Amino acid sequence: MEPVIEMRSISKVFPRVVANDKINISVAPGEIHALLGENGAGKSTLMNVLYGLYQPTEGDIYIHGKKAEITNPNAAIAMGIGMVHQHFMLIPPMTVAENIVLGHEPRKFGFLDLSRAVERVEEISRRYGLQVDPRAKVENISVGMQQRTEILKALYRGAEILILDEPTAVLTPQEITELFEIMRNLIKEGKSIIFITHKLKEIMAVSDRVTVIRRGRVVDTVRTRDTNPQDLAAKMVGRQVSLQINKQIGVPGEKIMELIDLYALSNRKLPALRGVSLEIRRGEIVGLAGVDGNGQSELVEVIAGLRKAQSGKVMMLGRDITNYTPRKVISCGISHIPEDRQARGLVLDFNIEENMILETYYQDGFANGLILNHKQIEQHARRLIREFDIRPTDEKAFARSLSGGNQQKVIIAREVDGDPELLIAAQPTRGLDVGAIEFVHKRIVGQRDRGKAVLLVSLDLDEIMALSDRIAVIYEGRIVGAVSASEATEEMLGLMMAGAAG
Amino acid sequence: MVSLKPNSRKILELAGVPALAIVLGLVVGAIAMVWMGYSPVQGYRGLFAGIFGDSFSFGETIRSMTPLIYTGLAVAFAFKTGLFNIGVEGQFVLGMLAGALVGAALPGLPWLIHVMLAIGAGALAGACWAAIPGLLKGKFGVHEVITTIMLNYVSLILVNFLIRNYFRVTAQEATANVAPSADLTIVALKHLTGGARVHWGILIALLFMVAIAFILYRTTLGYEVRAVGFNPMAAQYGGINVTKNIVLAMLISGAVAGAGGAVEILGVFGRMAVSPVLPGVGFDGIAVALIGNNNPFGVLFGAFLFGALKTGAIQMQYQTQVPYAIIRVVIAGIVFFVATKEMVRWLLRLKRREA
């Protein structure tokens with residue numbers, strides 16, 4: 001069968017970087033074609049070329065066998081290519097229908113014909129099994145619904161080929177299952193889908209074929225049923241990686257931290273925590289699961305002293321440390337890998353050695369009184385660079401110049417080096433590739449095995465389930481349930497994450 | 001080895017951008033001269049003679065760059081904490097008054113002690129004046145650009161009011177003359193340069209420069225200040241008190257500016273007179289810091305450039321009738337081209353165009 005899209009020998013060269021190097025990829029009609037690769041492998045560049053955001057340095061694109069010049073996204077849309085970005089491009093105060101027809105509004109006497117718009121949206125949503133309420137405002141609907149709105153927007157514009165860029169990152173497990181159902185419906189209706197992801201499980205679940213990209217080159221294109229996750233991971237990273245986390249059953253000891261009925265406000269001064277109670281024991285990893293925006297970030301900040309608790313208590317080893325300053329919290333033996341490594345975790349314009357002493361620069365050894373001891377600071381950084389295999393191995397390299405994985409290694413090195421009693425790891429592997437994730441997971445389990453406590457906050461349920469000894473679920477600022485990891489199932493956690501009591 | 005490349009690029013960029021901006025600024029000035037019917041060749045020859053022509057000119061160049069080192073350092077230091085201290089002008093003026101008063105009082109003290117006291121008083125006055133926007137910013141989040149700009153005018157009116165009502169001597173609208181024991185004139189050098197007003201202030205400025213560089217890069221205080229300036233969220237996460245550092249950085253910035261004001265009185269004017277306008281060196285300090293890339297040693301370069309252009313312009317006007325204001329055009333051009341760094345970089349082809 002003739003491919004709907006064929007990209008032949010596409011290269012995209014940026015100054016100093018070859019992002020795509022002679023990439024060949026073809027998508028058959030009615031196919032879900034997964035695009036797999038680490039961050040920075042060139043997936044997004046390739047899709048931006050297809051969507052007309054970039055012009056290829058060389059190579060041609062054929063649509064239905066005809067050579068196509070895609071000079072801008074409007075041209076791409078006209079050729080039936082639709083893209084659903086990772087970050088939605090919706091206007092929150094407008095309704096679903098208004099968002100969908102935006103730019104191609106049905107008109108009556110030159111005015112927007114809203115009832116016709118609603119009709120058209122209902123028609124499309126029925127046809128593809130994508131239920132939405134066309135009259136609901138986008139700001140009032142769930143993330144999953146917003147994503148459907150984005151997909152409908154593409155379909156409304158006549159998309160035959162849909163590009164979905166990391167569509168599952170923001171969804172609950174149930175929503176992911178629903179999305180896969182929608183994808184299968186679309187295929188039945190003759191659409192083709194390019195599915196960008198780095199989650200192997202999802203590829204195995206939904207795709208027909210996979211193209212693996214590494215460092216701008218196609219490593220292989222395989223039929224999904226002829227491959228397995230282990231193989232795909234090896235192709236993606238270029239070496240054998242262990243997907244299994246080797247970890248013994250934990251032996252929880254004494255209580256290290258206890259949170260009692262915590263209340264706090266969000267940045268927008270709305271209630272974010274509404275009575276969080278939780279305890280974390282020695283030799284235990286407690287996973288905090290939940291859909292983004294249910295109070296996880298605020299909870300971590302309250303413990304770390306970065307946000308005021310309105311009421312409730314944070315107890316550390318029996319001592320009340322509620323609303324301590326960040327420095328005092330750190331001195332109580334609490335380390336924190338922040339969820340946003342660039343905004344919180346690093347001073348990007350500092351070099352590695354300066355970042356390594358962010359919490360300890362004033363202490364004996366690094367400073368004699370007010371004077372910094374540069375020799376000591378340098379040696380400290382060199383040791384950590386060696387121990388944690390940070391690249392480049394130059395302690396004078398600016399944090400800004402490091403890859404995401406190495407930036408995270410700098411933070412982890414700094415946070416683990418002080419041998420904290422409690423390690424709070426917030427989204428520790430977000431945006432990292434498989435190799436770096438393996439490293440981070442080992443370190444987290446290592447902390448536990450040395451008899452320390454770990455609070456793991458992650459939006460990735462697989463990560464929570466793989467690492468935790470106990471799993472607590474947070475929903476709308478409350479812990480709606482806590483279960484032992486061995487008893488937890490994805491369905492059960494998913495229901496709790498959606499607000500059903502556990 | 002990998003890091004060598006970006007470093008050499010960086011050095012080229014650091015030196016290249018100001019250098020090209022200077023050339024472009026001079027070109028703009030030349031165009032203005034031609035437009036007004038003067039010969040740029042003669043004009044610039046006059047300018048150059050006015051800067052390096054003889055020992056007097058060079059002495060005056062040094063004299064005029066001296067206060068700019070202080071104000072440039074003050075702006076640069078605050079900027080390292082992420083603060084835009086437009087109030088250096090006002091802090092400088094307060095420092096002038098304090099320096100004049102302490103310099104005139106206590107005659108007969110040993111020279112070094114009297115000088116240190118007078119400069120210290122200037123620094124203290126500048127710091128106190130800078131504490132107002134510092135506290136407003138640190139405690140209430142009031143933007144320092146607004147408060148410092150407004151306080152500049154307050155400082156002028158306040159100082160004039162104080163001189164007229166409390167510190168004037170006899171019929172004059174000025175403070176008493178600074179005692180010889182606080183005079184910063186270098187007599188030997190004055191003779192050597194045919195009466196140029198070079199004074200010890202330049203050496204003190206160099207000490208301040210080294211001290212500021214030391215604080216920034218060698219002390220825990222400098223580490224905190226820079227961390228807050230680069231990323232306050234990360235600084236707070238690391239346990240650094242952001243509010244304290246904002247206030248402290250304003251105090252230090254104001255102290256440097258105030259010390260500069262005192263030095264200017266002790267070295268050049270000998271007393272403080274009522275003035276209808278602000279001296280302007282604080283505002284020039286912003287441009288000096290910009291050209292110096294907020295680096296203490298870069299500030300020295302920027303101050304020299306500005307001091308030289310201002311001194312040379314007087315000679316240029318005298319010799320060639322090209323108006324002094326042309327140099328303001330050149331300076332504006334240089335500042336403009338440094339500020340539009342991206343464009344200059346593009347001209348330098350340091351950055352290749354992306355598709």
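Definitions and cut-offs
- Residues numbered from 1 in each chain as written.
- Chains lettered and ligands numbered in written order.
- Predicted model: local features only at pLDDT ≥ 70, side-chain atom pairs only at ≥ 80, totals over all residues.
- Heavy atoms only, no water.
- Helix = DSSP H or I, 4+ residues; strand = E, 2+ residues; numbered from the N terminus.
- Rg over C-alpha atoms; globule rule 2.2 N^0.38 Å.
- Buried < 20%, exposed > 50% of the residue type's maximum accessible area, 1.4 Å probe, protein only.
- Areas by Shrake-Rupley, 256 points an atom, 1.4 Å probe, with all protein chains shown as cover.
- Lys, Arg positive; Asp, Glu negative; His and termini not counted.
- Charge placed at Lys NZ, Arg CZ, Asp CG, Glu CD.
- Pairing = 2+ DSSP bridges.
- Axes fitted to C-alpha atoms, helices over the stretch in contact; angles between N-to-C directions.
- Contact = heavy atoms within 4.5 Å.
- Phe/Tyr/Trp six-rings, centres within 6.5 Å; stacked < 30°, edge-to-face > 60°.
- Lys NZ or Arg CZ within 6 Å of the ring centre and 35° of its normal.
- Core = buried A, V, L, I, M, F, W, Y, C linked by side-chain atoms within 4.5 Å.
- Domains from an automatic or database assignment.
- Buried area = accessible area lost by both parts, 1.4 Å probe.
- Salt bridge = Lys/Arg side-chain N within 4 Å of Asp/Glu carboxyl O.
- Polar contact = N/O pair within 3.5 Å; in protein donor to acceptor, adjacent residues only side chain to side chain.
- Nonpolar A, V, L, I, M, F, W, Y, C, P; charged D, E, K, R; others polar.
- Patch = residues over 30% accessible without salt bridge, like charges linked within 9 Å, V, L, I, M, F, W, Y side chains within 5 Å.

1. A few points about the overall build of chain B
Tallying secondary structure elements over chain B gives 15 helices and zero strands in all. A compact globule built from 355 residues would reach a C-alpha radius of gyration of about 20 Å, and chain B, at 21 Å, matches this within 12%. Over its C-alpha atoms, taken along the principal directions, chain B stretches across nearly 70 × 60 × 35 Å. Residues counted as buried form 53% of the 355 residues belonging to chain B. Summing over all exposed atoms, chain B offers an accessible surface of approximately 15,900 Å²; the carbon and sulfur share of this is 71%. Considering chain B, the positive charge centre built from 24 side chains and the negative charge centre built from 12 side chains are found 7 Å apart.

2. Quick look at the sheet that holds strand β5 (residues 66-68) of chain A
Residues and elements named next belong to chain A. The strand order β2-β1-β4-β5 describes an open sheet built from four strands, whose pairing is antiparallel. Each having just a single partner strand, β2 (17-27) and β5 make up the two edges of the open sheet. The mean angle between the axes of side-by-side strands here comes to 30 degrees, regardless of whether they run parallel or antiparallel. When strand β1 (residues 5-14) meets strand β4 (residues 58-63), the two strands line up antiparallel, connected through five bridges. Counted as the bridge partner of S11 is E58 from β4. Helix-sheet contacts for helix α1 (residues 43-50) involve β1, β2 and β4, and the interaxial angle to β1 is about 115 degrees.

3. Quick word on the packing of aromatic side chains
Overall, the coordinates contain 16 aromatic pairs over all chains when judged by the stated rule. Ring centres of F336 of chain B and F337 of chain B lie 5.3 Å apart, and the angle between their planes is 80 degrees; this geometry places the pair in the edge-to-face category. Among the residues examined, F336 of chain B registers a relative accessible area of 46% and is labelled partly exposed. Each residue in the set F350, Y361 and Y362 of chain A together with Y223 and F230 of chain B is aromatic and connected to the rest through ring pairs, giving one cluster. The lysine or arginine in question, R327 of chain A, covers the ring of Y362 of chain A, its NZ or CZ lying 3.8 Å from the ring centre. Between K409 of chain A and the ring centre of F439 of chain A, over which it is positioned, the NZ or CZ distance is 4.8 Å.

4. Considerations on the sheet that holds strand β24 (residues 478-484) of chain A
Residue and element names in this part refer to chain A. Across the sheet, six strands lie side by side as β18-β21-β22-β15-β23-β24; this open sheet has mixed pairing. Lying at the two open borders of the sheet, with one neighbouring strand each, are β18 (334-337) and β24. Across the sheet, the mean angle from the axis of one strand to that of its neighbour is 20 degrees, orientation sign disregarded. Pairing of strand β21 (residues 422-426) with strand β22 (residues 453-457), which is carried by five bridges, proceeds in the parallel orientation. Of the residues in β22, the one forming a bridge with L422 is A453. Contacts from helix α14 (residues 404-417) reach β18 and β21 within the one sheet, and its direction differs from that of β18 by about 175 degrees.

5. Examining the nonpolar core
Counting residues in hydrophobic clusters, the biggest one holds 139 residues, and the most contacted among them are M272 and I334 of chain B. Take this core: its biggest share by element is twelve residues, from helix α11 (residues 242-269) of chain B. Per-domain counts for this core show at least three residues from each of domain 2 (253-333 + 420-502) and domain 3 (343-418) of chain A. Leaving out residues up to four positions away in the same chain, M272 of chain B has contacts with V93, M96, L97, A100, V159, I163, A174, T175 and I265 of chain B. Core analysis: the second largest hydrophobic core is formed by 49 residues, L130, L162, L164 and M183 of chain A among them.

6. Quick notes on the interface of chain B and chain A
Accessible area lost on assembly of the parts is the figure often given for the size of an interface. Taken together, the 23 residues of chain B in the interface contact 33 residues of chain A. Carbon and sulfur atoms make up 60% of the surface buried where chain B meets chain A, a total of about 2,500 Å² over both sides. Considering only the side of chain B, the residues that lose the most area to chain A are T220, Y223 and Y237 of chain B, jointly responsible for 33% of the buried surface there. Connecting chain B to chain A are one salt bridge.

7. Side note on the pattern of salt bridges
Residues and elements named next belong to chain A. Scanning all chains against the criterion turns up 50 salt bridges over all chains. As a salt-bridge pair, K235 and D220 come within 3.4 Å of each other at their nearest N and O atoms. Of the two residues, K235 sits in helix α8 (residues 229-237) while D220 sits in strand β12 (residues 217-223), which places them 15 residues apart along the sequence. The partly exposed category is assigned to D220, whose relative accessible area is 26%. With a shortest N-O distance of 3.0 Å, E353 and K396 are connected by a salt bridge. Of this pair, E353 sits in helix α12 (residues 352-356) while K396 is found in the loop between α13 (374-387) and α14, placing the two residues 43 residues apart along the sequence.

8. What about the domain arrangement of chain A?
Residues and elements named next belong to chain A. The domain architecture assigned to chain A consists of domain 1 (5-237), domain 2 (253-333 + 420-502) and domain 3 (343-418). Residue-level contacts link nine residues of domain 1 with 14 residues of domain 2. Buried surface at the junction of domain 1 and domain 2, both sides included, amounts to about 980 Å², of which 58% is carbon and sulfur. Counting the surface domain 1 buries against domain 2, the share from its top three residues, P173, Q174 and K201, is 39%. Joining domain 1 to domain 2, the criterion identifies two salt bridges. For E490, the salt bridge goes to K201, with nearest N and O atoms at 3.2 Å. Joining domain 1 to domain 2, the criterion identifies three residue pairs in polar contact (both at pLDDT 80 or more). Residue assignment for the side of domain 1 that touches domain 2 shows that the elements contributing at least two residues are α6 (173-188) and α8. Here the side of domain 1 that touches domain 2 is composed, by residue class, of three nonpolar, three polar and three charged.

9. A look at unusual backbone geometry
Residue and element names in this part refer to chain A. The omega torsion across R391 and P392 is 0 degrees, close enough to zero to call that bond cis. Examined against the element boundaries, P392 turns out to sit in the loop between α13 and α14. Phi at H64 is positive, roughly 50 degrees, even though this residue is not glycine. Within the secondary structure layout, H64 lies in the loop between β4 and β5.

10. Let's talk about α8 of chain A
Residue and element names in this part refer to chain A. For α8, the full list of buried residues reads L232, A233, A234, K235, M236 and V237. Structurally, α8 contributes buried residues whose contacts are with β3 (32-37), α7 (200-206), β11 (209-214), β12 and α15 (434-449). If you check the start of α8, you find a side-chain oxygen 3.1 Å away from the backbone N of Q230, and it comes from N228.

11. Quick word on a nonpolar patch on the surface
All names here are of chain B. Judged by side-chain polarity, W111, L112, M116, W200, L203 and L206 come together as a nonpolar surface patch covering roughly 570 Å² of accessible area. Of all elements in the fold, only α5 (111-140) and α8 (201-218) reach the threshold of two or more residues within the nonpolar patch. Counting residues per element, the nonpolar patch draws most heavily on α5, which supplies three residues. Relative to the assigned elements, L206 resides in helix α8.

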